[in-house]
Amino acid sequence: MLQPKRVKYRKAHRGRRKGVSAGAVTLEFGEWGLKALEPCWLTARQIEAARRAISRHLKRGGQVWIRVFPDKPVSKKPLETRMGGGKGAVDHWVAVVKRGRILFEVAGLPRDTALDALRQAADKLPIPVRIVHRSDFLEAQAEATEA
């Protein structure tokens, strides 16, 4: 399971999830990718489930990049506990994902294999995602320079 080796602060505030991602909005490494269409917290378990789905489908071919890391601690108090007594212990770790963020990238695969692997990963995630190709970003850049 993904989690940081150490953190500056043991417990974190919840923060805001709305808005558009500031970084990781284009494919940097692979040919195909999964792009988030809504903001959410992705847990380490969800990221691992999607990664396993991709790597199982690829068998031994291709390459996978995980572009999100669960670095935010989420605390939880035990069930049937009275109010007060401070903040609960860290229960799990999440990655804050905003709209437009690239979650996974794959390369070195035939088109059909890459699409199938990313579709299976998308089924493991709690948000709607879009499968994007490197050419989508190149076309957008060309249109932006023309305008």
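Reading the values: rules and limits
- Residues numbered from 1 in each chain as written.
- Predicted model: local features only at pLDDT ≥ 70, side-chain atom pairs only at ≥ 80, totals over all residues.
- Heavy atoms only, no water.
- 1 Å grid on protein atoms, 1.4 Å probe; cavity = no way out; pocket = protein on both sides within 12 Å on 5 of 7 lines; lining within 4 Å.
- Points joined across faces, edges and corners; volume = space filled by probe spheres on them.
- Helix = DSSP H or I, 4+ residues; strand = E, 2+ residues; numbered from the N terminus.
- Nonpolar A, V, L, I, M, F, W, Y, C, P; charged D, E, K, R; others polar.
- Expected span 1.5 Å × (residues − 1).
- Buried < 20%, exposed > 50% of the residue type's maximum accessible area, 1.4 Å probe, protein only.
- Arc of directions from axis to C-beta.
- Contact = heavy atoms within 4.5 Å.
- Pairing = 2+ DSSP bridges.
- Axes fitted to C-alpha atoms, helices over the stretch in contact; angles between N-to-C directions.
- Patch = residues over 30% accessible without salt bridge, like charges linked within 9 Å, V, L, I, M, F, W, Y side chains within 5 Å.
- Areas by Shrake-Rupley, 256 points an atom, 1.4 Å probe, with all protein chains shown as cover.
- Salt bridge = Lys/Arg side-chain N within 4 Å of Asp/Glu carboxyl O.
- Lys, Arg positive; Asp, Glu negative; His and termini not counted.
- Charge placed at Lys NZ, Arg CZ, Asp CG, Glu CD.
- Parallel < 35°, antiparallel > 145°, perpendicular 65-115°, else oblique.
- Left-handed = near helix turned anticlockwise from the far one by under 90°.

Student: Any chance you could break down the layout of surface pockets for me, citing the residues and the numbers?
Tutor: Summary: where empty space remains is shown by rolling a probe the size of a single water molecule over the atoms. Considering only enclosed or pocket space, the largest pocket measures out at about 180 Å³ in volume. Lining the largest pocket, in full, are Met1, Leu2, Gln3, Thr43, Ala44, Arg45, Val90, Asp91, His92 and Trp93. When contributions to the lining of the largest pocket are tallied by element, the ones reaching two or more residues are helix 1 (44–58) and strand 5 (89–97). In terms of residue count, strand 5 provides more of the lining of the largest pocket than any other element does, four residues in total. Here the lining of the largest pocket is composed, by residue class, of five nonpolar, three polar and two charged.

Student: Provide a residue-level description of helix 2 (residues 111–124), including the pertinent values.
Tutor: Side chains three or four residues apart in an α-helix point the same way, a direct result of the helix having 3.6 residues per turn. Between its first and last C-alpha atoms helix 2 spans 21 Å; for 14 residues at 1.5 Å apiece the expected length is 20 Å, and the two agree. Listed as buried for helix 2 are Ala114, Leu115, Ala117, Leu118, Ala121 and Ala122. Here the buried residues of helix 2 occupy an arc of 165° about the axis, which is enough to place them on one side. Facing away from the buried surface of helix 2 by more than 90 degrees, the exposed residues are Asp112 and Asp123. If you follow the buried residues of helix 2, they end up packed against strand 1 (32–36), helix 1, strand 6 (102–107) and strand 7 (129–133).

Student: Could you give an account of the environment of alanine 140, with specific residues and numbers?
Tutor: For alanine 140, the location among the structural elements is in helix 3 (residues 134–146). Sequence separation between alanine 140 and alanine 24 is 116 residues; the distance between their C-alpha atoms is 16 Å.

Student: An account of the sheet that holds strand 4 (residues 72–76) is needed here, citing residue identities and associated values.
Tutor: The three strands lie next to each other as 2-5-4, forming an open sheet whose pairing is antiparallel. Each edge of the open sheet is held by one strand with a lone partner, namely strand 2 (40–43) and strand 4. For this sheet the average axis-to-axis angle between neighbouring strands, irrespective of direction, equals 50°. As defined by bridge partners, strand 4 adjoins strand 5 across five bridges and the pair is classed as antiparallel. Among the inter-strand pairings, lysine 76 is bridged to a residue of strand 5, identified as alanine 89. Docked against the sheet, helix 1 engages strand 2 and strand 5, running at close to 70° with respect to strand 2.

Student: Which residues make up a negative patch on the surface, and what values do they have?
Tutor: Together, Asp136, Glu139, Glu143 and Glu146 line one region of the surface with negative charge. Following the sequence through the fold, aspartate 136 ends up in helix 3.

Student: Give a detailed account of the pairing of strand 5, specifying residues and quantitative values.
Tutor: In terms of strand pairing, strand 2 meets strand 5 through four bridges, oriented antiparallel. Opposite tryptophan 41, over in strand 5, you have valine 96 as the bridge partner.

Student: I'd like a description of the packing of helix 1 against helix 2, backed by residues and values.
Tutor: In a pair of packed helices, the angle between the axes and the distance between the axes together describe the arrangement. Close contact between helix 1 and helix 2 brings their axes to 8 Å; oriented N to C, the two are set at 155°. It follows from the interaxial angle that helix 1 and helix 2 lie roughly antiparallel. In the packing of helix 1 onto helix 2, the handedness of the crossing is right-handed. Listed contacts from helix 2 to Gln46, Ala49, Ala50, Ala53, Ile54, His57 and Leu58 of helix 1 are Thr113, Asp116, Ala117, Leu118, Gln120, Ala121 and Lys124. Split by residue class, the contact of helix 1 with helix 2 holds eight nonpolar, four polar and two charged.

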